[in-house]
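# Inside the fold
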4 protein chains.
Amino acid sequence: MTLTPDQKAEIDAARAQSHATRRATVPALEEILYQAFPVLDHGVLRVIDYMGDDGAIVQAARVSYGKGTRKTLEDKGLIDYLMRHRHTTPFEMCEIKFHVKLPIFVARQWIRHRTANVNEYSARYSILDREFYIPAPDHLAAQSRINRQGRGAVLEGEEARKVLELLKTDSERCYASYEWMLNEDETGKQTDPERVGLARELARMNLTINAYTQWYWKTDLHNLFHFLSLRADSHAQYEIRIYAEAMLEMVKRWVPLAFDAFKRYRLGGVHLSAGGLAIVKRLLAGEKVAQEGSGLSAREWRELMAALGREEG
Amino acid sequence: MTLTPDQKAEIDAARAQSHATRRATVPALEEILYQAFPVLDHGVLRVIDYMGDDGAIVQAARVSYGKGTRKTLEDKGLIDYLMRHRHTTPFEMCEIKFHVKLPIFVARQWIRHRTANVNEYSARYSILDREFYIPAPDHLAAQSRINRQGRGAVLEGEEARKVLELLKTDSERCYASYEWMLNEDETGKQTDPERVGLARELARMNLTINAYTQWYWKTDLHNLFHFLSLRADSHAQYEIRIYAEAMLEMVKRWVPLAFDAFKRYRLGGVHLSAGGLAIVKRLLAGEKVAQEGSGLSAREWRELMAALGREEG
Amino acid sequence: MTLTPDQKAEIDAARAQSHATRRATVPALEEILYQAFPVLDHGVLRVIDYMGDDGAIVQAARVSYGKGTRKTLEDKGLIDYLMRHRHTTPFEMCEIKFHVKLPIFVARQWIRHRTANVNEYSARYSILDREFYIPAPDHLAAQSRINRQGRGAVLEGEEARKVLELLKTDSERCYASYEWMLNEDETGKQTDPERVGLARELARMNLTINAYTQWYWKTDLHNLFHFLSLRADSHAQYEIRIYAEAMLEMVKRWVPLAFDAFKRYRLGGVHLSAGGLAIVKRLLAGEKVAQEGSGLSAREWRELMAALGREEG
Amino acid sequence: MTLTPDQKAEIDAARAQSHATRRATVPALEEILYQAFPVLDHGVLRVIDYMGDDGAIVQAARVSYGKGTRKTLEDKGLIDYLMRHRHTTPFEMCEIKFHVKLPIFVARQWIRHRTANVNEYSARYSILDREFYIPAPDHLAAQSRINRQGRGAVLEGEEARKVLELLKTDSERCYASYEWMLNEDETGKQTDPERVGLARELARMNLTINAYTQWYWKTDLHNLFHFLSLRADSHAQYEIRIYAEAMLEMVKRWVPLAFDAFKRYRLGGVHLSAGGLAIVKRLLAGEKVAQEGSGLSAREWRELMAALGREEG
């Protein structure tokens, strides 16, 4: 992450302000408000604004005239109950806004979560920065041999070196062409007065998908939890998971009770199918069960045994 | 509007709190935060929370690291531009939450706006209050003779008196049956120990549609503008329009620049069809144009002339 | 369910038509297309249109140029995989449209599912039929004593008789007032030429919430599964569950492979929290576990034991 | 557009099928169903499926038991009325599904329309084709000098030649590196047995944004009209507008009455702000009005005069 002095000054100014408000306020989140957290090599994650706290969930569930909260223990019990029984609407009453800088290929996965508001930096109007994601050597993974969308062992030696070099030189060459085609500097002044320069909306097509873009992204807590349950999952691509993991820490500061319920009922939980449940019951009854005759496919069986922490049936 | 002493105390307690925050804060809206504004005979409208201000629109449009705002004049120009060209996403970066008490038939229209978060008071869990909407005598309108969904003249004399009486007695009788069937008081205690009492989720079906319900309703500014452009419109039913009008005042306090742009480009504007535009051009060219030969239907012609403030062509 | 001769004739005419199409077509669903299935005492459920079949899910998952389907076994395996791993977008590629007649209080629960398209019969324009939901005697349940939103035993004897009478007479009296206030027959002719008649949008407020309304409701298969997983669940109110159950049969005709996967992985499955999973692991290891010391609340413990089919720990 | 023999065969097979259906069917659209229409240099647009026709709009608006349609003239009048008064829900009752092959930078604009279902070809699982968008020489536009997001004159001579060369060689070099890093052919076989090969989800990041992707995209008619009103507009980027224009032709085949209403009331219409309307009224009253003193900014004034077809005030 490299912030320009101007960006640093803007962040400092935002952090320096203090206003009086009657709204629910969360000191632990205020502490890091506007602050830029680094993700990947040039990525950034910042909380820009938020609405509500744990109490707002309780308040909405009770449709109350006041805070709606009672004793901490009762509030915690209610939030647990809502999470466990998937009463999702009270969690929609909290809202959060992030500023994210991220590689385009990550942005393309992220945007598939439709229930969010987004303002992206426009390469039709503006010029993108010369910044590309180059994986750290220990994330340069091979294709998994057992999973069509997973990663296997880390590349090593000459192959790793060559891959990194290709990623770097291709990104840079493409960016150099982009700049040449634009024929303008950041202030819009022509670089070469003899040439006209290609429209920004066209020139950008020459960039590689590891170029960084940025956006404001705003969503409610229920949809954020849904996003996090998919993107903080071990099946998610590392490059988006690392953002999700950084967000988890922020959510924990913001709504500790809801976060705790989320962790226990969603993140750490497991879904058993009808077939899986039947196996568990048979195992509990002391029966020996093997994959053959279990009614589960080899893959489902493997997934179930893994979830139950058993090497084999 | 009738608040119980408990409700008043809850509101006062919420209004008495003051926290320090780094978030964008709008003093004019803080002033009325949590306050209960009466709508119709028993309805209530309250702003419960908000996120963002005019500056947040500018900030999102610029995807900036800081406030994004420059001179007031430039910000105003940008907001006008965004509104005029229907760049809607920056307006989605502001969010507001209302507490609303409203008749069920109004709630049924309101809920059709799907891009909002809602927590409604549940008559499956709880007992509804003995409150029904009875129109004021000057809103007791006849069916319009020219418009299938409009209102005509106000009812008068014996017919008006009889209508009001029917509305009152039917609502009250239905509520009395509801209470009898429930066979419990607000604390859940059986009224008549000899009887079991009907489940709340069933008993409620005996209430009339003018009974009041309440909910927390949260939406972003873009979708709120869409709601207001439809519901503050003269074609909207009076009983929902009156809520929309009360909301307009609140939005004006919250985001005065965006509100002003909304008023000029959306509320006060008019949409001309291809045919309507052709007529305007012919009129401007000094041509005499009549409905016959205009290519517009009688109704479209009437609507166009009304929009242009002309009695006839 | 009472269809007028006109409605019957309309349905027969729709069912009599046959067109040639290149689109994916499902004979088992065509068989019942447009047909009116009775639900509750006056409710109706009809499939009006559909798009796609099991093959369309496979086709979308493979983004293919043709049908995308291969051997039935492979297709089934892919659909199972998509359902198990919550790859939801291929299921969104199938769409279905229903015509539903349902009590207003059921419609109010139903409409909370926002990701659907709806056209409701408008009581602002039109006059509602004289039809109200009156529960069958064996659905006249008392409030549950252990569950705040559930039903307990069935009412009996004099109390049951009185409840049914109240429901009937109140609905009918309210409808009679509605008619009197409207002062018009179905063709719009004034009943009493001496009176003006109240606007339809106002008169309707006197109806009870068990009055029937109707709508066209269209959604995609993924969102329909979500709806069904909540509304065909034993915690759902009987009066909406009965619609969900009728829909399950229709979905089974439409997309048998997807339906089967839904049944096994969602309907018949169970979600274990982190705490619940830990208990299962301890039980499988042969440990004796009781609620005290389990880390689960009494209620969670009860729910877990029920899911595992164990009376006690 | 280059279809492989396999793709051609798949399309032919799909087009050869014919089923009997009771559903509303549109022969003019059936005619081109599944057919691949070329867009840009390698893009494809195909209609894959549809639900409903003009009659389905009328049927939903009337919540009818049968087709709901009456005389063509009445149906047309109703559809016009719905479009003019923005009664949008009946248009949501028609659904259409496209297969689209498009450059990634176009896909990134397209996906911002959130109310649609999408299945994109996954570069995490699969290998993208060696196809990039290279603009035709007459679309190689310079940045507009008056509009920050528009295009100006077409590049010529040496500059044009050089731009095209850069776009081609950069795309190709990046693709060659992509292939080398993958180290596998289409069947998944290693190219160089000495090397491991980089995971697909990583290798793809080296592609340029003009690489082609493809997806299934499904939406309802109301949201499609919204998409088309923005993307078939002269302010839209040429590379997405050309897809929108191809879709317009398909919509015209599908729902000719709704399309005609859309063209007259939306596409060919113009929105006047409160200020713009005031100017029109003054002009119609015979007043001379100039920008100064008009209350409009220079830009708004220019836009208004252009809409009214006047060179100057």
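## What about the overall build of chain A?
A count of helices and strands for chain A gives twelve helices and nine strands. Overall size of chain A, expressed as C-alpha extent along the three principal axes, is 85 × 60 × 30 Å. When the 313 residues of chain A are sorted by exposure, 45% land in the buried category. Long-range pairs, those at least 24 residues apart, make up 66% of the contacts in chain A between residues at least 6 apart in sequence.

## Structural notes on the environment of C:Glu184
Residue and element names in this part refer to chain C. In this structure, Glu184 sits in the loop between helix H6 (157–182) and helix H7 (200–203). Along the chain, Glu184 and Ala258 lie 74 residues apart, while their C-alpha atoms are 49 Å from each other. If we ignore the near neighbours within four places in the chain, the residues touching Glu184 are Lys189, Gln190, Thr191 and Gly197.

## A look at the relation of the copies chain A and chain B
Placing chain A over chain B gives an RMSD of 0.0 Å and needs a rotation angle of 180 degrees, together with 0.0 Å of translation along the axis. The superposition of one copy onto the other is thereby described by a two-fold rotation axis. Proximity to the rotation axis, assessed at the C-alpha, singles out A:Ala20 in chain A; its C-alpha lies 2.4 Å from the axis. When the interface residues of chain A are mapped onto chain B, 100% of them are again interface residues, pointing to one common binding face.

## A closer look at the sheet that holds strand S5 (residues 117–120) of chain B
Residue and element names in this part refer to chain B. Taken in spatial order, the five strands line up as S2-S3-S4-S8-S5 in an open sheet, and their pairing is antiparallel. Each edge of the sheet is formed by a strand with only one pairing partner; in this case those strands are strand S2 (37–39) and S5. Going across the sheet, the axis of each strand differs from the next one's by a mean of 25 degrees, ignoring polarity. As judged from the three bridges shared by S2 and strand S3 (residues 43–51), these two strands associate in the antiparallel manner. Of the residues in S3, the one forming a bridge with Pro38 is Val44. In the packing of helix H8 (residues 221–231) onto the sheet, the strands contacted are strand S4 (95–103) and strand S8 (212–220), and the crossing angle to S8 comes to about 125 degrees.

## Focus: the packing of helix H4 (residues 72–84) of chain D against helix H10 (residues 256–267) of chain D
Residue and element names in this part refer to chain D. Viewed as axis vectors pointing N to C, H4 and H10 meet at an angle of 40 degrees, and their least axial separation amounts to 9 Å. Comparing the axis directions of H4 and H10 gives the class oblique. Considering only the axes of H4 and H10, their crossing is right-handed. Between H4, through Asp75, Lys76, Ile79, Asp80, Met83 and Arg84, and H10, the contact on the second element is made entirely by Leu257, Ala258, Ala261, Phe262 and Tyr265. Looking at the contact of H4 with H10 residue by residue, the classes come out as seven nonpolar, no polar and four charged.

## Topic: the relation of the copies chain C and chain D
In the superposition of chain C on chain D (RMSD 0.0 Å, axial shift 0.0 Å), the rotation amounts to 180 degrees. Looking at chain C, 100% of its interface residues are interface residues in chain D too, so the copies touch through the same face.

## Regarding the interface of chain A and chain B
Between chain A and chain B, the residue contacts involve 43 residues of the former and 44 residues of the latter. When contributions to the side of chain A that touches chain B are tallied by element, the ones reaching two or more residues are helix H1 (5–16), strand S1 (19–21), strand S3 (43–51), helix H3 (54–62), strand S4 (95–103), strand S5 (117–120) and strand S8 (212–220) of chain A. Sort the elements by how many residues they give to the side of chain A that touches chain B and H1(A) lands first, with six residues. Looking at the side of chain A that touches chain B, its residues break down into 18 nonpolar, 13 polar and twelve charged. As judged from the three bridges shared by S1(A) and strand S1 (residues 19–21) of chain B, these two strands associate in the antiparallel manner. Residue pairing across strands places A:Thr21 opposite B:His19, the latter belonging to S1(B).

## Quick word on the packing of helix H6 (residues 157–182) of chain B against H6(C)
It is at 10 Å that the axes of H6(B) and H6(C) come closest, and there the two elements cross at 165 degrees. Relative to H6(C), the element H6(B) is oriented roughly antiparallel. When you trace H6(B) past H6(C), the crossing you get is left-handed. Two secondary-structure elements touch here, H6(B) through B:Val163, B:Leu166, B:Asp170, B:Arg173, B:Cys174, B:Ser177 and B:Met181 and H6(C) through C:Val163, C:Leu166, C:Asp170, C:Arg173, C:Cys174, C:Ser177 and C:Met181. The residue inventory of the contact of H6(B) with H6(C), partitioned by class, reads eight nonpolar, two polar and four charged.

## Digging into the interface of chain C and chain D
Taken together, the 43 residues of chain C in the interface contact 43 residues of chain D. Residue assignment for the side of chain C that touches chain D shows that the elements contributing at least two residues are helix H1 (5–16), strand S1 (19–21), strand S3 (43–51), helix H3 (54–62), strand S4 (95–103), strand S5 (117–120) and strand S8 (212–220) of chain C. The residue inventory of the side of chain C that touches chain D, partitioned by class, reads 18 nonpolar, 13 polar and twelve charged.

## Describing the sheet that holds S3(C)
All names here are of chain C. The strand order S2-S3-S4-S8-S5 describes an open sheet built from five strands, whose pairing is antiparallel. Lying at the two open borders of the sheet, with one neighbouring strand each, are strand S2 (37–39) and S5. In this sheet, adjacent strand axes meet at a mean angle of 25 degrees when their direction is disregarded.

Analysis parameters
- Residues numbered from 1 in each chain as written.
- Chains lettered and ligands numbered in written order.
- Predicted model: local features only at pLDDT ≥ 70, side-chain atom pairs only at ≥ 80, totals over all residues.
- Helix = DSSP H or I, 4+ residues; strand = E, 2+ residues; numbered from the N terminus.
- Buried ≥ 20, exposed ≤ 12 C-beta atoms within 10 Å, placed from the backbone.
- Contact = placed C-beta atoms within 7 Å.
- Least-squares fit on C-alpha atoms with pLDDT ≥ 70 in both.
- Pairing = 2+ DSSP bridges.
- Axes fitted to C-alpha atoms, helices over the stretch in contact; angles between N-to-C directions.
- Parallel < 35°, antiparallel > 145°, perpendicular 65-115°, else oblique.
- Left-handed = near helix turned anticlockwise from the far one by under 90°.
- Nonpolar A, V, L, I, M, F, W, Y, C, P; charged D, E, K, R; others polar.

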